[in-house]
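What follows is each chain in one-letter form.
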Amino acid sequence: MLAQLPTLRAFAVSLCGNFDRADDLVQETLLKAWQNLDKFEEGTNLRAWLFTILRNGYFSELRKRRREVEDVDGKMTASLSVPPAQQGHLDMQDFRKALNTLPADQREALVLVGAVGMSYEEAAGVAQCAVGTIKSRVNRARTKLTEILGVTDADIFGQDAATAAIVKGEG
Amino acid sequence: MNEDDELPAGDAKPKATPEDAAALPAQLGKKLRSLFADVESQPVPDRLRELLEALAAKEKKAE
């Protein structure tokens, strides 16, 4: 279990959006996992099992608190709509903020597939939903991120508009 | 490039081509993995390691 801790913690941070809550969540997960070790079948996917316990804990807490930040009124989206082109690069800080504005289920799907590297099938197992649902959530998350970040090709590749035009041979 | 050709204004955004649009998921994925790896590479807080050690010690005692 010790070997899984860094990845488990990173997943918790991606869900919670802050380190303190994430560490509390990981602590609760380890306790639950230890108490239910008899239910874990040795030789099967320990990582997926731990991830499932963690995400169930997170969503259970979320339902209780009913304080998910989904940016319903669009304020966060509006604050991030300044094109990164003006800075010349896709800012990591803005990317992190944008990720945190995604609905939790989309953020979870995107992180499991895009960051942890799980297959759609494995991610669906962790999220306890159909494979099609995971694919849909990942696509919606990517689309939403693109919208929020106002990303263009120049932004992505760190070029200003004039350079991008020259590179493309435009004009 | 001809003399008559105008360079776009400094803050004008170039139009994304279909190829650029296809590259977007890969670039977003790269940023996402970088963000994730950054947290993964941090040292695990003592309280989490100590918890696992305490649980393992407790189980050993029970045996």
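Remember, it's a predicted structure, so these values are computed and weren't measured experimentally.

1. Brief notes about the overall build of chain A
The helix and strand inventory of chain A stands at 10 helices and zero strands. Each helix (α) and strand (β) of chain A, taken in turn from the N terminus, gives the series α-α-α-α-α-α-α-α-α-α. The buried share among the 171 residues of chain A stands at 38%. Within chain A, residue pairs in contact and separated by at least 24 positions form 65% of the contacts whose partners lie at least 6 positions apart.

2. Examining the domain arrangement of chain A
The parts lose accessible area when they come together, and the size of an interface is often stated as this lost area. Residue and element names in this part refer to chain A. Here the domain parsing of chain A yields domain 1 (1-67) and domain 2 (76-171). Mapped by element, the contributors of at least two residues to the side of domain 1 that touches domain 2 are helix H1 (5-16) and helix H3 (46-65). Among the elements that take part in the side of domain 1 that touches domain 2, H3 stands out by supplying six residues, more than any other. Across the side of domain 1 that touches domain 2, the residue classes tally to six nonpolar, four polar and one charged.

3. Notes on the nonpolar core
In this structure, Phe 11, Ala 12, Leu 54, Ala 109, Leu 112 and Ala 123 of chain A are the most contacted members of the largest nonpolar core, which totals 42 residues. When residues of this core are traced back to their parent elements, those giving at least two are H1, helix H2 (19-35), H3, helix H5 (92-101), helix H6 (104-116), helix H7 (120-127) and helix H8 (131-149) of chain A together with helix H1 (18-40) of chain B. Lining this core are residues from two domains, each supplying at least three of them: domain 1 (1-67) and domain 2 (76-171) of chain A. Not counting residues within four places of it along the chain, the set of residues in contact with Phe 11 of chain A comprises Phe 51, Leu 54, Val 111 and Val 116 of chain A.

Parameters at a glance
- Residues numbered from 1 in each chain as written.
- Chains lettered and ligands numbered in written order.
- Predicted model: local features only at pLDDT ≥ 70, side-chain atom pairs only at ≥ 80, totals over all residues.
- Helix = DSSP H or I, 4+ residues; strand = E, 2+ residues; numbered from the N terminus.
- Buried ≥ 20, exposed ≤ 12 C-beta atoms within 10 Å, placed from the backbone.
- Contact = placed C-beta atoms within 7 Å.
- Domains from an automatic or database assignment.
- Nonpolar A, V, L, I, M, F, W, Y, C, P; charged D, E, K, R; others polar.
- Core = buried A, V, L, I, M, F, W, Y, C linked by C-beta atoms within 7 Å.

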